[in-house]
Amino acid sequence: MKVFIKIIIFSVIFLSLNTFASPKNTLFINDINWPPFFFQNIEKDNIDRNDIGLGKEIISHCLSQNDFQFQYKNLPIKRTHLNMQSGELDISIYSYKKERESYVIYGSEPIFFSNYGFASKQRDNIEIDKLEDIKQYQIGHLAGLAHTKELMKIIEDKITLNQVTIGYNIDSMLKQLIAEPQRFQIIANSMETLLWRAKQLNIENSIKIHDFILKRKAYYVAVSKTSKHIQNPKEFLSQIDTCIKALKLSGEYNNISQKYGL
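The numbers attached to residues start from 1 for each chain and follow its sequence in the written order. Reporting of local features is limited, given that this is a predicted model, to residues whose pLDDT is at least 70; pairs of side-chain atoms are given and counted only at 80 or more, and all residues count toward the totals for whole chains, interfaces and linings. Calculation of side-chain values draws on the structure's entire complement of heavy atoms; hydrogens and water are dropped beforehand.

**Details of the overall build of the protein chain**
- Only DSSP runs of H or I covering at least 4 residues are called helices, and only runs of E covering at least 2 are called strands; the numbering of each starts at the N terminus. The helix and strand tally for the protein chain stands at 8 helices and 10 strands.
- For every residue, the accessible area obtained with a 1.4 Å probe (protein chains only) is divided by the maximum for its type, and the residue is called buried under 20%, exposed over 50%, and partly exposed between those limits. Here the protein chain, with 262 residues, has 51% of them falling under the buried criterion.
- Taking all contacts inside the protein chain whose residues are at least 6 apart in sequence as the whole, residues at least 24 apart take part in 75%.
- Accessible areas in this description were obtained via Shrake-Rupley with a 1.4 Å probe; residue shielding takes into account the shown protein chains only. Total accessible area on the protein chain stands at roughly 13,700 Å², and carbon and sulfur atoms take up 53% of it. By definition, residues are in contact when any of their heavy atoms lie within 4.5 Å.

**A short note on the side chain of Asp90**
- Note that Asp90 resides in the loop between helix H3 (77–86) and strand S3 (91–95).
- We define a polar contact as two N or O atoms separated by no more than 3.5 Å, with the added condition that, inside protein, one atom must be a possible hydrogen donor and the other a possible acceptor, whereas residues neighbouring each other in sequence contribute only through side-chain atom pairs. In terms of polar contacts, Asp90 uses its side chain to reach the backbone amide nitrogen of Phe28, at 2.8 Å.
- Within polar-contact distance, the side chain of Asp90 engages the side chain of His229 at 3.0 Å.
- Once you skip the residues sitting within four places of it in the chain, Asp90 turns out to touch Thr26, Leu27, Phe28, Met84, Ala222, Val223, Ser224, Ser227, Lys228, His229 and Ile230.

**Some details on the nonpolar core**
- Throughout this description, the term nonpolar core refers to a set of buried Ala, Val, Leu, Ile, Met, Phe, Trp, Tyr and Cys residues connected via side-chain atoms within 4.5 Å. One finds Ile58, Leu63, Ile91, Ile111, Phe112, Val221 and Phe236 to be the most contacted residues of the largest nonpolar core, which totals 32 residues.
- Residue assignment for this core shows that the elements contributing at least two residues are strand S1 (26–31), helix H2 (54–65), S3, strand S10 (215–224), helix H7 (233–250) and helix H8 (252–259).
- Of all the elements, H7 adds the most residues to this core, at 6 residues.
- Ile128, Tyr137, Leu151 and Leu174 belong to the second largest nonpolar core, which has 29 residues in total.

**Brief notes about the pattern of salt bridges**
- One speaks of a salt bridge when a side-chain nitrogen belonging to Lys or Arg is within 4 Å of a carboxyl oxygen belonging to Asp or Glu. With the rule as written, the count across this model stands at 11 salt bridges.
- Across the pair Glu180 and Arg123 runs a salt bridge, and its minimum N-O distance is 3.1 Å. Taken together, the positions of Glu180 in the loop between helix H5 (170–178) and strand S8 (186–190) and Arg123 in the loop between strand S5 (112–121) and strand S6 (139–142) put the pair 57 residues apart, joining distant regions of the chain.
- With a relative accessible area of 63%, Arg123 lands in the exposed category.
- With a shortest N-O distance of 2.8 Å, Arg197 and Asp171 are connected by a salt bridge.

**A few points about the state of the cysteines**
- By definition, disulfides here are pairs of cysteine sulfur atoms that lie within 2.5 Å. A full pass over the atoms with the stated rule returns 1 disulfide.
- Two residues share a disulfide in this structure: Cys62 and Cys243, whose sulfurs sit 2.1 Å from each other. Because the torsion about its S-S bond is -90 degrees, the bridge between Cys62 and Cys243 counts as left-handed. Of this pair, Cys62 sits in helix H2 while Cys243 is found in helix H7, placing the two residues 181 residues apart along the sequence. Across this residue pair, the class does not change: Cys62 and Cys243 are buried.

**Quick notes on the packing of H5 against helix H6 (residues 191–200)**
- Interaxial angles span 0 to 180 degrees and are taken between N-to-C directions of axes, which are lines fitted to C-alpha atoms, for helices over the stretch in contact. Where H5 contacts H6, the two axes come as close as 10 Å, and the packing angle between them is 75 degrees. Classified by the angle between their axes, H5 and H6 sit roughly perpendicular to one another. The segment H5 lies against H6, with Ile170, Asp171 and Leu174 engaging Thr193, Leu194, Arg197 and Ala198.
- Each residue is assigned to one class: nonpolar for Ala, Val, Leu, Ile, Met, Phe, Trp, Tyr, Cys and Pro, charged for Asp, Glu, Lys and Arg, and polar for all the others, Gly among them. The class makeup of the residues in the contact of H5 with H6 is 4 nonpolar, 1 polar and 2 charged. Geometric relationships in this document are graded by angle, where less than 35 degrees denotes roughly parallel, more than 145 denotes roughly antiparallel, 65 to 115 denotes roughly perpendicular, and other angles denote oblique.

**Quick notes on the side chain of Asp31**
- Considering the arrangement of structural elements, one finds Asp31 in strand S1.
- Under the relative-accessibility criterion, Asp31 is labelled buried at 3%.
- If sequence neighbours within four positions are ignored, Asp31 has contacts with Phe38, Phe39, Gln40, Lys56, Tyr72, Lys73, Asn74 and Leu75.

**Notes on the pairing of S6**
- Residues Ile139 and His141 line one face of S6 and the alternating positions Gly140 and Leu142 line the opposite face, and both faces are buried.
- The pairing criterion is simple: DSSP has to find at least two bridges between the two strands. Looking at chain direction, S6 and strand S7 (residues 164–167) are connected through 4 bridges and run parallel. Following the sheet pairing, Leu142 is matched in S7 by Gly167.
- Each parallel crossover has a hand, and for S6 linked through helix H4 (residues 149–160) to S7 it is right-handed. With the strands pointing away from the viewer, any crossover whose connection runs clockwise from the first strand over the helix to the second is right-handed.

**With respect to the packing of aromatic side chains**
- Ring geometry is summarised as follows: Phe, Tyr and Trp rings, the Trp one being its six-membered ring, pair when their centres sit within 6.5 Å, and such pairs are stacked at plane angles under 30 degrees, edge-to-face over 60 and tilted between the two. Evaluated as defined, the whole model comprises 14 aromatic pairs.
- Both rings, one in Trp34 and one in Phe38, keep their centres 6.5 Å apart while their planes meet at 5 degrees; by these two values the pair is stacked.
- Consider the rings of Trp34 and Tyr219, whose centres lie 4.8 Å apart with planes at 65 degrees: the pair is edge-to-face. Of this pair, Trp34 sits in the loop between S1 and H2 while Tyr219 sits in strand S10; the two residues are 185 residues apart in sequence, bridging distant segments of the chain. Grouping residues by exposure puts Trp34 and Tyr219 together as buried.
- By way of ring pairs, the aromatic residues Trp34, Phe37, Phe38, Phe112 and Tyr219 are connected into one cluster.
- Comment: the charge-over-ring label is applied if NZ (Lys) or CZ (Arg) is within 6 Å of the ring centre and within 35 degrees of the ring normal. Cation over ring: Lys56 sits above Tyr72, and NZ or CZ is 4.8 Å from the ring centre.
- Over the aromatic face of Tyr253 sits the side chain of Lys248, whose NZ or CZ is 5.4 Å from the ring centroid.

Shown next, in the form of structure tokens:
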């Protein structure tokens, strides 16, 4: 009888440890062109092949450390949102937006922070000290990029006036920004991304990254509520959060960040 009870107890413990995500399942994660946080394979021509981006490196480490199998899927921003809603993607890295709570569960430990701001052509001598300063210019808008409500309102108003150029690739938009003639004078994005890509494209001397910070955003690991492979997202995220905290406490997180100039 005692042996039987022990078997039941061990079975319950084993099952409880594997209900939140089975290591046998492959977890699918969005892979976007978002340097220096995420590098897709096609974006690694000018960097060390071992450098995959800060966010990608951290989440890969924490999943591998906990014996999870995973695969990155190259998707545009809008498709990422749709696949997180449908559960075709299990994991994404998201800033917090209340409306996303309808289809994702957020972790609690930021995987990284990003400053959100603007870039212009150096020779235009544009000054931006507040958000209202951009209203007089043509704006370049990367499709699917999450803006603040205030900036989105400006963009929507300008779309009706045909004062917005919509693009789908940060590199092509930076090149359009400094082209002759220009299609727009201002582009909004992560300041870290703008600086990184300008350097990689050897146009950093032609681009001005403005000091004005519109918003500092924290980004978190998020799990789709309709994930087919993660049965208990809260337990899964707790494990990932613990791993991120451990990397920060050990100093390893800082070492990884420095590789990407962060």
